[in-house]
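Spelled out from the first residue to the last, the chains are:
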Amino acid sequence: TTLKLAESDAVASIAQNFNAKVKVINQSIKDYNSIIAEDKSETSKSYSFNQVSKISSDAELLCLKYSEPYYDKKNKKHYVVAYINRKEAVDFYNQKINGIMLQIKDICELARNEKEVLYSVVNLQKAKRLSKIATYYIDTACIINPAEIEKYKDDTELIARLTGLLSAQEGKGTFSVSCNNSKYNSVCTGIKSILEESGFVVSKKNPVYRIYVEINFSEEVYEAGNFVRPDICITVANASGKEIDSYSKVYPRYSHQTMENAYNLALVRIQQDLEENFLLDYRNVE
C-alpha cells in the first residue's frame with residue numbers, strides 16, 4: 001500500500017536466500033571478540049577483528065538496488081523490484097572473504113609456532129570461529145554467482161582442516177586434577193568430565209598441565225536454616241610450574257534444612273558454573 005512497504009517486501013524476498021545463518025554469524029563474532037579480549041600467547045603478536053559486529057539484512061545486502069517503482073492507481077498498490085548487481089556484490093564479498101581468510105592463515109601460523117599447547121588451542125579456536133563467518137560469506141558469494149565456487153576451493157579446504165588441527169592440539173593437552181580437600185572430589189571429577197568432553201586427555205602420568213582446585217566454605221546457622229558460602233580458586237600450571245590460566249569466584253550463600261544438604265547443593269551449583277565458564281576459551285563449545 002506504500003512504496004516503503006513494497007521495498008521492505010522486496011528486500012524480505014531476497015533476504016530469504018541469505019539470512020538463514022545470520023544469528024549463527026552474530027554469535028560467532030561475539031564469541032571471537034570475547035576470546036581476543038585477553039591475548040593468550042607466548043609471542044607479542046596479536047590480532048583484532050575489525051569486521052562489522054552487527055549483521056542484518058541491510059548490512060549484508062549492501063549491493064541491493066531497486067527498479068523504478070510502479071503505482072497501480074486502480075488497485076492503489078505500489079510495485080518495485082529489488083535486485084543485486086552480481087559483479088558489485090561478488091567484489092564486495094571477495095573483500096570480506098579475503099580479509100578474514102588472511103586472518104585465519106595468520107592465526108593458524110601463530111598456533112603452529114606456539115610452544116604452549118593451550119595457547120595454540122585457543123588460537124585455533126579463534127580461527128575456527130572466524131571460519132564460520134568466512135563460510136557464510138563464501139556461501140553467499142556462491143549463491144549470488146555460482147561460478148565463484150572454484151575460486152574459494154583453497155579457502156574451503158583450509159576451513160575443513162581446522163577441526164583436525166584443533167583436535168590434534170587438544171590431544172596433546174594432558175591434564176591432572178587435584179583438590180585441597182578430598183571431600184570435594186566431586187568437583188575434580190566434574191572438571192575431568194569437562195576436559196574430556198572438550199577433547200583433552202586426563203592422566204596422572206606425566207601430564208602437560210596440572211589443575212589445582214582450592215575450595216573453601218564459610219558456614220552460618222540461623223533459625224531460617226543452615227547456610228554455606230563457597231569460594232573457589234583454580235590454577236592451571238604447565239610442567240615447569242608456570243601458571244597458564246586461572247579461575248576464581250565467590251558464590252552466593254546456599255541454604256538447606258541440614259548443613260550436609262546445604263554443602264551438597266553448593267557443590268552442584270559450583271559444578272554448573274564450571275560447566276558454563278571454566279576454561280571456556282579452550283573448549284569446543286558450539
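Treat the numbers as computed from the prediction; the structure is a model and nothing was measured.

Cut-offs applied
- Residues numbered from 1 in each chain as written.
- Predicted model: local features only at pLDDT ≥ 70, side-chain atom pairs only at ≥ 80, totals over all residues.
- Heavy atoms only, no water.
- Salt bridge = Lys/Arg side-chain N within 4 Å of Asp/Glu carboxyl O.
- Helix = DSSP H or I, 4+ residues; strand = E, 2+ residues; numbered from the N terminus.
- Buried < 20%, exposed > 50% of the residue type's maximum accessible area, 1.4 Å probe, protein only.
- Pairing = 2+ DSSP bridges.
- Contact = heavy atoms within 4.5 Å.

Describing the pattern of salt bridges
Phase 1 of the analysis: The final tally for this structure, using the stated rule, is six salt bridges.
Phase 2 of the analysis: For R112, the salt bridge is made with E109, and the minimal N-O distance between the two is 2.3 Å. Here R112 and its partner E109 are both found in helix α4 (residues 86-113), three residues apart, which amounts to about one turn of the helix.
Phase 3 of the analysis: Relative accessible area serves as the criterion here: at 36%, E109 is assigned to the partly exposed category.

Looking at the pairing of strand β8 (residues 225-238)
Phase 1 of the analysis: Of all 14 residues that make up β8, ten are buried, and the element is covered over most of its length.
Phase 2 of the analysis: Direction of pairing for strand β7 (residues 209-222) relative to β8: antiparallel, over a ladder of 14 bridges. When the bridges of β8 are listed, R210 appears paired with A237.
Phase 3 of the analysis: As defined by bridge partners, β8 adjoins strand β10 (residues 254-256) across three bridges and the pair is classed as antiparallel. Note that in β10 the partner of F227 across the bridge is S255.
Phase 4 of the analysis: Two elements, β8 and strand β9 (residues 243-250), share seven bridges in a ladder whose sense is antiparallel. Bridge pairing links I232 to K249 in β9.
Phase 5 of the analysis: In this antiparallel pair of consecutive strands, β8 and β9, the connection spans four residues, and G241 shows a positive phi of 90°.

As for the side chain of S120
Phase 1 of the analysis: Locating S120 in the fold gives a position in helix α5 (residues 117-144).
Phase 2 of the analysis: Here S120 is in contact with A111, E114 and Q169, once residues within four sequence places are set aside.

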